[in-house]
Amino acid sequence: MNYNISTIFFSPTGTTAKVVKTIAGSIGEIHNEYDLTPLKSRINYKALTFSSNDLVIVGVPVYKGRIPDFLADYFQNFKGNNATAVYAVVYGNRAYEDALLELKDIFETAGFVSVAAGAFIGEHSYSGGIATRRPDISDLKIACDFGQKINAKLNHFDTLSKSTLFVKGNFPYKALPPAPQIVPETNDNCTDCSICADLCPMEAIDFDNFRDIDPTTCILCCSCVKNCPEDAKVIVNEHIVNFTKKLISKLERIRHEPELFLENKD
Ligand SMILES: Cc1cc2nc3c(=O)[nH]c(=O)nc-3n(C[C@H](O)[C@H](O)[C@H](O)COP(=O)(O)O)c2cc1C
């Protein structure tokens, strides 16, 4: 069957986008790209509807062992109508916990049929010192091979079969702590270039004063920190700084590898 291939991703610092595009490109020609990172596109693409001719490759970053919480609500408006789906979560080399299972559950509830899933590693949003420059060549080769394995499975895939894809994770999912309402600070390097506000996925940065970030809207995704050409946006909050230091020392000699799920269980 010739599928109409679409990518769907949210990727404030770019690692999830790389993984999703690599998997999809290895499966076949990409017909539609739904980059849900800008708020405007999330409004435009609200309630996307697919059909059984569609194959979607969906990717999100892992936040606190879960999928970003506002996306859990957002995806519930999608309509799968038996479209086939591949899921990818990208995490900062600590752990992905229940994120992949949560993503699969949400899409299955919305009417998608799951064919494969993978957990990949990306440079940590909080620091270039964790999983530095990942996904790297080796990760992307695994993503590419994953696409080939998906193609092989699709050749004999029965969307009406009652068997379901196995992925790691637990239900009930890990409980989320309350949102910390911490925002990046702006130092004197700021040149008012507006890149941070242009790219903020939550539109939390005031266009009239780029130092003013709304703590109730900011999700601390670090898009502004990583995309600022002057390194003017920094996280100085003591709790996050200490947490990041501990992560760096704990993970510096640990390299997690991508985990792929293609097997169904009855
Ligand atoms: C708020 C927040 C929470 C995160 N939680 C986790 C986590 O639980 N486990 C982990 O390994 N990485 C965690 N990360 C790191 C991201 O999952 C990782 O850097 C990912 O590659 C970012 O994706 P992006 O480049 O598409 O934005 C977190 C990042 C942020 C911003």
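Preceding block: the structure.
Cut-offs and rules
- Residues numbered from 1 in each chain as written.
- Predicted model: local features only at pLDDT ≥ 70, side-chain atom pairs only at ≥ 80, totals over all residues.
- Heavy atoms only, no water.
- Phe/Tyr/Trp six-rings, centres within 6.5 Å; stacked < 30°, edge-to-face > 60°.
- Buried < 20%, exposed > 50% of the residue type's maximum accessible area, 1.4 Å probe, protein only.
- Pairing = 2+ DSSP bridges.
- Helix = DSSP H or I, 4+ residues; strand = E, 2+ residues; numbered from the N terminus.
- Axes fitted to C-alpha atoms, helices over the stretch in contact; angles between N-to-C directions.
- Contact = heavy atoms within 4.5 Å.
- Salt bridge = Lys/Arg side-chain N within 4 Å of Asp/Glu carboxyl O.

Participant: Account for the packing of aromatic side chains, with residues named and values stated.
Facilitator: Tallied over the entire structure, the rule returns 17 aromatic pairs. Judged by centre distance (6.3 Å) and plane angle (75°), the rings of Phe 207 and Phe 210 are edge-to-face. Given the relative accessible area of 47%, Phe 207 is considered partly exposed. Exposure remark for Phe 210: the relative accessible area of 8% places this residue in the buried category. A network of ring pairs unites the aromatic residues Tyr 34, Tyr 45, Phe 50, Tyr 74, Phe 75, Phe 78, Tyr 87, Phe 107 and Phe 112 as a single cluster.

Participant: Describe the sheet that holds strand E4 (residues 84-91), listing the residues and the values that go with them.
Facilitator: The strand order E2-E1-E3-E4-E5-E9 describes an open sheet built from 6 strands, whose pairing is mixed. Each edge of the open sheet is held by one strand with a lone partner, namely strand E2 (30-35) and strand E9 (259-261). For this sheet, the mean angle separating the axes of adjacent strands, direction not counted, is 15°. Examined bridge by bridge, strand E1 (residues 4-9) and E2 share 5 bridges and lie parallel to one another. Paired with Thr 7 across the bridge in E2 is Glu 33. Contacting E1, E2, strand E3 (54-61), E4 and strand E5 (113-121), helix H1 (residues 15-27) runs over the sheet at an angle of about 160° to E3.

Participant: So what's going on with the pattern of salt bridges? Which residues, and what values?
Facilitator: Enumeration over the complete set of coordinates arrives at 16 salt bridges. Between Lys 226 and Glu 123 there is a salt bridge; the shortest N-O distance is 2.9 Å. Of this pair, Lys 226 sits in helix H7 (residues 223-227) while Glu 123 sits in the loop between E5 and helix H5 (137-154), and the two are 103 residues apart along the sequence. Judged by relative accessible area, Glu 123 falls into the buried class, the value being 18%. Across the salt bridge formed by Glu 257 and Arg 255, the nearest N and O atoms sit 2.8 Å from each other. The class of Glu 257 is partly exposed, set by a relative accessible area of 36%.

Read these as geometric descriptors, not functional statements.
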